[in-house]
Amino acid sequence: MNRYISTGRRFSMFNRKKLTVKRKARRTRQWFEKVHVYPFPAEEGGEEYFLVDYIKARQVTGYAVISPGQEISKDALKAHQKLFLFYSLTSKIKEDGRMRAGINLDFFQAPLKLMGKEPAPALTEGYQTIETVLALQLKYRTAYENFQKHLAELESAKRPLTAADVQEAVETAAMLDVLQYEIIRTLSEKSALLDNWVEQMKTEKLWERLNKSQQVFYIQLLKNEELMKEESRRMTVVKNDNPDKMLQLNTDKMKTYKRKEQIEQEKALRQP
């Protein structure tokens, strides 16, 4: 019983802090601007600082970092670095990952199941390639979903962001970028093999047992071979032959994600 009372009080206090921040933010809003307060603050010097956007006609027109208590400039700037990185990476994870994590696993599982029931030597390499891509896709989905769970836990806890929360965003963004690169690279490099696999599936009378959407998935992959190769070349991941090293290099890179934008935004912060 006491646990629920405590949680309710914490929720109420958290909401009061956000309302205070919103009122203070309105002091520096311009004509027709709306104020958006991001949900999780960062704590510096014993004060909680919230990131604020000013929005007009659906465009962000200004920024602020505001505490429900007394702001100290140096602490607000420290909080801004943490808040900017966390929310920029959270946005990246959502925008990049939502559709990619939602790819229908049946596109990979259905042909694997068919080939498992009726194995043929001519299908072995195709089986191995699809199995590899499925494993990467499962890792991608798990990483994306785990971060969504982390955000839900943050929302439930109603607490300030910690260094561990920011690191979680950094590591998730890096993992998703590396996995996406590996998926695209594998599919583009194995395009000729998959083309042959489709023909062998037809020879073994298995192709017709895939449904229409599954067949279209592979036909479109083969049609987009050059696009995939180009995307693989242009992806901004730090490449390395060692998978663990590659992940670490990209994790390090994410720690300075959009650093120039953060500095520019910092210069333009409005004072409450």
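For the structure, see preceding data.
Presented here is a report on the structure given in the accompanying data block. Keep in mind it's a predicted model, so treat the numbers as computed, not measured. (Residues numbered from 1 in each chain as written. Predicted model: local features only at pLDDT ≥ 70, side-chain atom pairs only at ≥ 80, totals over all residues. Heavy atoms only, no water.)

Quick look at the nonpolar core now. Within the largest apolar cluster, 58 residues are counted, with the highest numbers of intra-cluster contacts made by F86 and W197. Among the secondary structure elements, those contributing two or more residues to this core are β3 (47-56), α2 (73-101), α3 (106-117), α4 (124-157), α5 (163-189), α6 (191-203) and α7 (212-223). Those residues in contact with W197, other than ones at most four positions away along the chain, are P111, M115, L123, G126, Y127, I130, W207 and Y218. Of all hydrophobic cores here, the second largest spans ten residues; its members include F14, F50, A64 and I66. (Core = buried A, V, L, I, M, F, W, Y, C linked by side-chain atoms within 4.5 Å. Buried < 20%, exposed > 50% of the residue type's maximum accessible area, 1.4 Å probe, protein only. Helix = DSSP H or I, 4+ residues; strand = E, 2+ residues; numbered from the N terminus. Contact = heavy atoms within 4.5 Å.)

Using the criterion set out here, one finds one cavity of 30 Å³ or more in the structure. Quantified by volume, the largest cavity comes out at close to 30 Å³. Lining the largest cavity are K92, I93, D96, R100, Y140, A173, L176 and D177. Taken together, the elements giving at least two residues each to the lining of the largest cavity come down to α2 and α5. In terms of residue count, the dominant contributor to the lining of the largest cavity is α2 (four residues). Grouping the constituent residues of the lining of the largest cavity by class yields four nonpolar, no polar and four charged. (1 Å grid on protein atoms, 1.4 Å probe; cavity = no way out; pocket = protein on both sides within 12 Å on 5 of 7 lines; lining within 4 Å. Points joined across faces, edges and corners; volume = space filled by probe spheres on them. Nonpolar A, V, L, I, M, F, W, Y, C, P; charged D, E, K, R; others polar.)

A word on the environment of L161. Mapped onto the secondary structure, L161 falls in the loop between α4 and α5. C-alpha of L161 to C-alpha of K18: the two residues are 143 residues apart in sequence and 15 Å apart in space. If near-sequence neighbours (up to four positions away) are discounted, L161 is found in contact with F40, P41, A42, K82, L83, F86 and L154.

For the structure on display, the rule yields 18 salt bridges. K82 is the salt-bridge partner of E44, the closest N and O atoms lying 3.8 Å from each other. Of the two residues, E44 sits in strand β2 (residues 42-44) while K82 sits in helix α2, which places them 38 residues apart along the sequence. Between K74 and D75 there is a salt bridge; the shortest N-O distance is 3.4 Å. Taking the relative accessible area as the measure of exposure, D75 reaches 6% and is therefore buried. (Salt bridge = Lys/Arg side-chain N within 4 Å of Asp/Glu carboxyl O.)

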